[in-house]
Amino acid sequence: MAVVEDNGAGADDPVDPIRYRLDQQRILAEFGGIALRSRDIDEIVRAAVELAARGMRTRLAKFLHHDDQGGALIVRAGIGWDEGVVGQAEMSDDLASPAGFAFRTGEAVISNHLRAEKRFHTPGFMADHGVKRAINVLVEANGRRFGVLEVDSRQDGRFEEDDLAFMQGFANLIGVAMERLDAEAGLRAAIEHQELLTREASHRVKNSLAMVSAMLNLQMREDDDPRVQRMLGDAQARIVAIGQAHDQLWQGDRMGVVALDRLLCGIVDGLRGQAPDHAIDCDIAPLVVSGDTAIPLGLLLTELATNAIKYAYGEGGGPVRIETRCDDGALSLVVADRGVGLPAGLDPNAARPTSLGMRMVSSLARQLGGTLAFEDAAPGTRVVFAMPLPAGV
């Protein structure tokens, strides 16, 4: 078989049949890569048209997209056509044209003598371009007929069954690409819906916690017992810390993560309002962590800072410094004061701490997989919590 190349000028250029088929396999493989990578269906069909024309040794090819409302096949992409054809030319989707027949029946069509065809008529814009033969294959995806891929030639010759297999390979890959894009779009929509539900749930959690905090505040005003007021105040501070973490979990572009500096400094701002006699300094390294890390860290800071505020200076006030650092794959949180130091007889490393606050601090440290150290800063106390940096930070 001698394959004739359509160079647009009518000259014949015989090509070795084996090389011709091998080139088609290579071109089809090249298109497969594009169809699997691209997320733009227009880019995919443009590449299909250009590469199919190259593989068939012709200068004319087009992709006809079916207009479901208008009942027509519209040239969505093409190569070799005069200006005004791509995006505007159309033909009926009935059985009177090769493309319409392929679309309606689902059968591939080879027409090697369009002028002598009894089955079909040649659309006007194709006749104006001197098209003598055409090959058409249906493109479908998810059970829906999407359009027709067509290669045309101005030259006499024959499209054969092997050419049909080549063209069908393009049609199949376009269909697979469309199904992939539809699946990705569905997945994105599901993720966006889930994000919306999660944001709404987190917002409601934050509002519920704010309501609980307000109720505790009212209860503190109703009870004159200093011990009860202190316990309710501690509980309120913990609830506020959790609420602030939930408030920030879904505010940024990345869901489920928190900017640690915003969270911890926000907690400190709240503590400043409750302890105006203390100069609380906050220096937090910029770091993004997951909610699973942010919430216990916020609670840990709340406990340590509250202890410094309540016990470091007795009835008076004084400085409290809070800072975090990220060094050598570890995150450290330091809460330091310049007060009276650790109480005599207090063993912060005891296996079973006696106070609720110390039990919570120890539990949170274990939950985060870190270690706590209480140091005599002379004057004052320095508490250092260290943990491995979370994966992905």
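The sections below set out a description of the structure shown in this document. This is a predicted model, so every value here is computed, not measured.

## Structural notes on the pairing of strand E10 (residues 279–283)
Here is step 1 of the chain: Residues of E10 alternate between two faces, with Ile280 and Cys282 buried on one and Ala279, Asp281 and Asp283 left unburied on the opposite face.
Here is step 2 of the chain: Across five bridges, the pairing between E10 and strand E12 (residues 319–327) is parallel. Bridging from a neighbouring strand, cysteine 282 pairs with isoleucine 322 of E12.

## A look at the nonpolar core
Here is step 1 of the chain: Counting 41 residues, the largest nonpolar core has Leu300, Leu301, Ile322 and Phe385 as its most contacted members.
Here is step 2 of the chain: If we ignore the near neighbours within four places in the chain, the residues touching leucine 301 are Leu264, Ile267, Val268, Thr306, Ile322, Leu333 and Val335.
Here is step 3 of the chain: Counting 35 residues, the second-largest nonpolar core is a separate cluster that includes Phe31, Val45, Met56 and Met178.

## Describing helix H2 (residues 41–55)
Here is step 1 of the chain: Here H2 is 15 residues long and its end C-alpha atoms lie 21 Å apart, about the 21 Å a rise of 1.5 Å per residue gives.
Here is step 2 of the chain: Regarding H2, its N-cap is aspartate 40, as a side-chain oxygen of that residue lies 2.9 Å from the backbone nitrogen of aspartate 42 further along.
Here is step 3 of the chain: In the segment just after H2, arginine 57 is the residue with positive phi, at about 55°.

## With respect to the sheet that holds strand E3 (residues 60–67)
Here is step 1 of the chain: Taken in spatial order, the six strands make up an open sheet running E5-E4-E3-E8-E7-E6, and their pairing is antiparallel. Unpaired on one side and paired on the other, strand E5 (90–92) and strand E6 (109–111) mark the two borders of the sheet. Across the sheet, the mean angle separating the axes of adjacent strands is 25° when strand polarity is ignored.
Here is step 2 of the chain: With six bridges connecting them, E3 and strand E8 (residues 144–153) associate as antiparallel partners.

## Remarks on the pairing of strand E13 (residues 330–337)
Here is step 1 of the chain: Among the eight residues of E13, six are classified as buried, and the element is accordingly described as predominantly covered.
Here is step 2 of the chain: When E12 meets E13, the two strands line up antiparallel, connected through eight bridges. Across the sheet, aspartate 327 pairs through a bridge with alanine 330, a residue of E13.
Here is step 3 of the chain: What sits between E12 and E13 in their antiparallel hairpin is a turn of two residues, with aspartate 328 showing a positive phi close to 50°.

## What about unusual backbone geometry?
Here is step 1 of the chain: Of note, the phi angle at arginine 57 is positive, near 55°, even though the residue is not glycine.
Here is step 2 of the chain: Here arginine 57 is to be found in the loop between H2 and E3.
Here is step 3 of the chain: Positive phi outside glycine occurs at aspartate 328, with the angle close to 50°.
Here is step 4 of the chain: Looking at where aspartate 328 falls in the secondary structure, it is placed in the loop between E12 and E13.

How each quantity is defined
- Residues numbered from 1 in each chain as written.
- Predicted model: local features only at pLDDT ≥ 70, side-chain atom pairs only at ≥ 80, totals over all residues.
- Heavy atoms only, no water.
- Buried < 20%, exposed > 50% of the residue type's maximum accessible area, 1.4 Å probe, protein only.
- Helix = DSSP H or I, 4+ residues; strand = E, 2+ residues; numbered from the N terminus.
- Pairing = 2+ DSSP bridges.
- Core = buried A, V, L, I, M, F, W, Y, C linked by side-chain atoms within 4.5 Å.
- Contact = heavy atoms within 4.5 Å.
- Expected span 1.5 Å × (residues − 1).
- Polar contact = N/O pair within 3.5 Å; in protein donor to acceptor, adjacent residues only side chain to side chain.
- Axes fitted to C-alpha atoms, helices over the stretch in contact; angles between N-to-C directions.

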